[in-house]
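Observations on the three-dimensional arrangement
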Amino acid sequence: MQDYSLLSLLRHGLNKHQGWTRAWRAPPLKPRYDVVIIGAGGHGLATAYYLAKEHGITDVAVLERGWLGGGNIARNTVTIRSNYMRDASIPFYVKSVGLYEGLTKALNFNMMHSKRSMVDVIQTWGKMRELRRRQLVMDIYGSTYQPISTEEVRRRIPALTGGGPDARLPILGGMVHTDAAVNRHDAVAWGYARAADAMGVEIQQQTAVQSLIRGADGKIEGVETNRGTVRAGKVVVAVSGHTTTITETAGLRLPLRTMNLTAFVSEPVKPLVDVIVNCPDSGFYFSQSDKGEMVIGGAPDPGQSFRRDIKQNVFEDTVTAMLSLFPSFKRLKLMRQWGGHLDIAQDASPIMDETDIPGLFVTAGWWGGYKAIPAGGLTLAHLVATGRPHKLMADFTLKRFRHLDYVMETGTTTAR
């Protein structure tokens, strides 16, 4: 793998940067691999990387129907956090946040990682009680979460001028999650792809998987694509939003439904907010990017949907809530908007497991899976390589649905 550094930048500058090699190859598609991963998003690429790095499994093909990093990893608000409630969730996300902090060095690719902290603005006593309870559980696992006063909330977020004592929902206080961060989503995809490729993993773009192939014994045998049949003893489905579309081609139904989560970005402005702002009672969250844009998200559309645009009523609800606390933002102009897919399980916790079809693995059900990419890839690679669940993912298997042993978890972001 070509080294990226200040020295290499200066050296290549002498010949007008004509000597750089491709970040990853475009090899011909082989008829067979040890492992096929469907989806070249964050979780698919991270799984491929950790299969090669941690377990020496390099005969891996990552199949992407479009272009690398063009799916949900490019359709999110790049918030990284570990402020969860359940004993199964918190250690998992603490591990993921820690891996993110070292990812630039590990992959030799600048993630533009910015550890900013998240401020939860609390406007109801019920939410105050819930988040104080969350704090006590998080303390057990070393995840940072501390209460602050209304005055401290306003000091940390000077642009917050609404929510006074006479407001419908006055600000009662806040919680600070100091480990929260943001980074660059395309860098995460490119960094994992480049590092995995350097160890022998093949990334096949414009390769749409049309169906799964099962043998006479019921085991997985490979996939059928628009470029022909690809055989493999193990297949991983990492296609966020379209998991059931793929698994149902093999007769497998999963406890998932797909929802649309939307976000939008304002025109760039001078620095106004240097933290991630989350207003769960009002139903919106945002941060300011390094380019000055306000990256804003709201609650998901509760209906079943595979759409990738934004619904007008969801947009209006989010903007109305935001302007109630940040009235000065009404002067901002909208620059672009997008929607992503969420395939959600009944308990709002992820599914990482080998299915009832031997050799077929899934990673799905993420309530905002961007923050979980490093730990998700690490733990799923362990399962694929060894056949045993990693201790961090042991509670996220399909067995919990058979025994009603749910991990009831909803994200703090825009929880209603």
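Residues numbered from 1 in each chain as written. Predicted model: local features only at pLDDT ≥ 70, side-chain atom pairs only at ≥ 80, totals over all residues. Heavy atoms only, no water.

Of regular secondary structure, the chain possesses eleven helices and 19 strands. Against the compact-globule benchmark of 22 Å for 416 residues, the chain has a radius of gyration of 22 Å, which places it among compact chains. Taken over the C-alpha atoms alone, the chain extends approximately 70 × 65 × 40 Å along its principal axes. Per-residue burial over the chain gives 57% buried out of 416 residues. (Helix = DSSP H or I, 4+ residues; strand = E, 2+ residues; numbered from the N terminus. Rg over C-alpha atoms; globule rule 2.2 N^0.38 Å. Buried < 20%, exposed > 50% of the residue type's maximum accessible area, 1.4 Å probe, protein only.)

In this section: helix α3 (residues 89-101). Between its first and last C-alpha atoms α3 spans 19 Å; for 13 residues at 1.5 Å apiece the expected length is 18 Å, and the two agree. Those residues of α3 that fall on the buried side of the exposure criterion are Ser-89, Ile-90, Phe-92, Tyr-93, Ser-96, Val-97 and Tyr-100. Along the axis of α3, the buried positions cluster into a sector of 160°, meaning they face one direction only. In the core, the buried residues of α3 are packed alongside β3 (79-80), α4 (103-107), α5 (125-140), α7 (185-198), β18 (351-354) and α10 (373-386). (Expected span 1.5 Å × (residues − 1). Arc of directions from axis to C-beta. Contact = heavy atoms within 4.5 Å.)

It is worth spelling out the sheet that holds strand β13 (residues 256-266) at this point. Strands sit in the order β6-β7-β5-β14-β15-β16-β13-β17 across an open sheet of eight strands; the sheet is mixed. Strands at the two margins of the open sheet, each flanked by one partner only, are β6 (146-148) and β17 (334-345). In this sheet, neighbouring strand axes are inclined to one another by 20° on average, regardless of whether the strands run parallel or antiparallel. Packed on one face of the sheet, α5 meets β5 (118-122), β6 and β7 (173-177) and runs near 25° to β7. (Pairing = 2+ DSSP bridges. Axes fitted to C-alpha atoms, helices over the stretch in contact; angles between N-to-C directions.)

In this model, the chain carries a mean pLDDT of 92, and residues with pLDDT of at least 70 account for 98%. Per-residue pLDDT stays below 50 along residues 412-416; that stretch engages in 25 contacts with residues further than four places along the chain or on separate chains. (pLDDT = per-residue confidence, 0-100.)

Turning next to the pairing of strand β10 (residues 209-214). Note on strand geometry: in a regular strand, side chains alternate between the two faces of the sheet. Sheet topology note: the β10/strand β11 (residues 220-225) ladder contains five bridges and is antiparallel. Residue pairing across strands places Arg-214 opposite Ile-220, the latter belonging to β11.

The geometry of helix α2 (residues 42-55) relative to α10 is characterised by a closest axis approach of 7 Å and an angle of 55° between their N-to-C directions. Considered as vectors, α2 and α10 are oriented oblique to each other. Note on packing geometry: the crossing formed by α2 with α10 is right-handed. Within the contact between the two elements, α2 uses Gly-42, His-43, Ala-46, Thr-47, Tyr-50, Leu-51, Glu-54 and His-55 and α10 uses Ile-373, Pro-374, Gly-376, Gly-377, Leu-378, Leu-380, Ala-381, His-382, Val-384, Ala-385 and Thr-386. (Parallel < 35°, antiparallel > 145°, perpendicular 65-115°, else oblique. Left-handed = near helix turned anticlockwise from the far one by under 90°.)

Below, the discussion takes up the sheet that holds β3. Strand order across the open sheet formed by three strands is β3-β8-β4, with antiparallel pairing between neighbours. For this open sheet the edge positions go to β3 and β4 (114-115), each flanked by a neighbour on one side alone. As paired strands, β3 and strand β8 (residues 181-182) are joined by two bridges and run antiparallel to one another. Bridged to Ile-80 within β8 is Ala-181.

Attention now moves to the packing of aromatic side chains. Applying the stated criterion to the full structure yields 17 aromatic pairs. A centroid spacing of 5.8 Å and a plane angle of 90° characterise the contact between Phe-92 and Phe-396, whose relative ring orientation is edge-to-face. Residue Phe-92 is located in helix α3, and its partner Phe-396 is located in the loop between α10 and α11 (399-402); the two are separated by 304 residues in the primary sequence. Using a relative accessible area of 0% as the deciding quantity, one classes Phe-92 as buried. (Phe/Tyr/Trp six-rings, centres within 6.5 Å; stacked < 30°, edge-to-face > 60°.)

Below, the discussion takes up the environment of Gln-210. Mapped onto the fold, Gln-210 is located in strand β10. The spatial distance from the C-alpha of Gln-210 to the C-alpha of Val-182 is 35 Å, given a sequence separation of 28 residues. Each residue touching Gln-210, except ones within four places of it in the same chain, is listed here: Glu-224, Thr-225, Asn-226 and Thr-249.

Take the pattern of salt bridges next. Under the defined criterion, the tally for this structure stands at 16 salt bridges. Shared partners join several salt bridges into a network, and the residues in it are Lys-127, Glu-130, Arg-134 and Glu-409. (Salt bridge = Lys/Arg side-chain N within 4 Å of Asp/Glu carboxyl O.)

Here we come to the nonpolar core. In this structure, Leu-45, Phe-92 and Tyr-192 are the most contacted members of the largest nonpolar core, which totals 68 residues. Within the second largest apolar cluster, 27 residues are counted, among which are Tyr-33, Leu-212, Val-230 and Val-237. (Core = buried A, V, L, I, M, F, W, Y, C linked by side-chain atoms within 4.5 Å.)

What follows covers a nonpolar patch on the surface. A surface patch of nonpolar side chains, amounting to about 320 Å² of accessible area, comprises Leu-6, Leu-9 and Leu-10. Using a relative accessible area of 45% as the deciding quantity, one classes Leu-9 as partly exposed. (Patch = residues over 30% accessible without salt bridge, like charges linked within 9 Å, V, L, I, M, F, W, Y side chains within 5 Å. Areas by Shrake-Rupley, 256 points an atom, 1.4 Å probe, with all protein chains shown as cover.)

Its 14 residues place the ends of α10 20 Å apart at the C-alpha level, agreeing with the 20 Å of an ideal helix rising 1.5 Å per residue. Once α10 ends, the next one or two residues include Gly-387, with phi positive near 80°.

Once that is clear, we can look at the pairing of β18. Sheet topology note: the β18/strand β19 (residues 360-364) ladder contains four bridges and is antiparallel. Each residue of the ladder has a partner; that of Ile-351, found in β19, is Ala-364. Counting the residues between successive antiparallel strands, the hairpin from β18 to β19 contains five residues, one of them, Gly-359, with a positive phi of roughly 90°.

Phi is positive for His-17, which is not a glycine, with a value near 60°. Mapped onto the fold, His-17 is located in the loop between α1 (6-13) and β1 (32-38). Despite not being glycine, Ser-117 has its phi angle at roughly 80°, a positive value. With respect to the element layout, Ser-117 can be found in the loop between β4 and β5. On the accessibility criterion, Ser-117 (7% relative accessible area) is buried.

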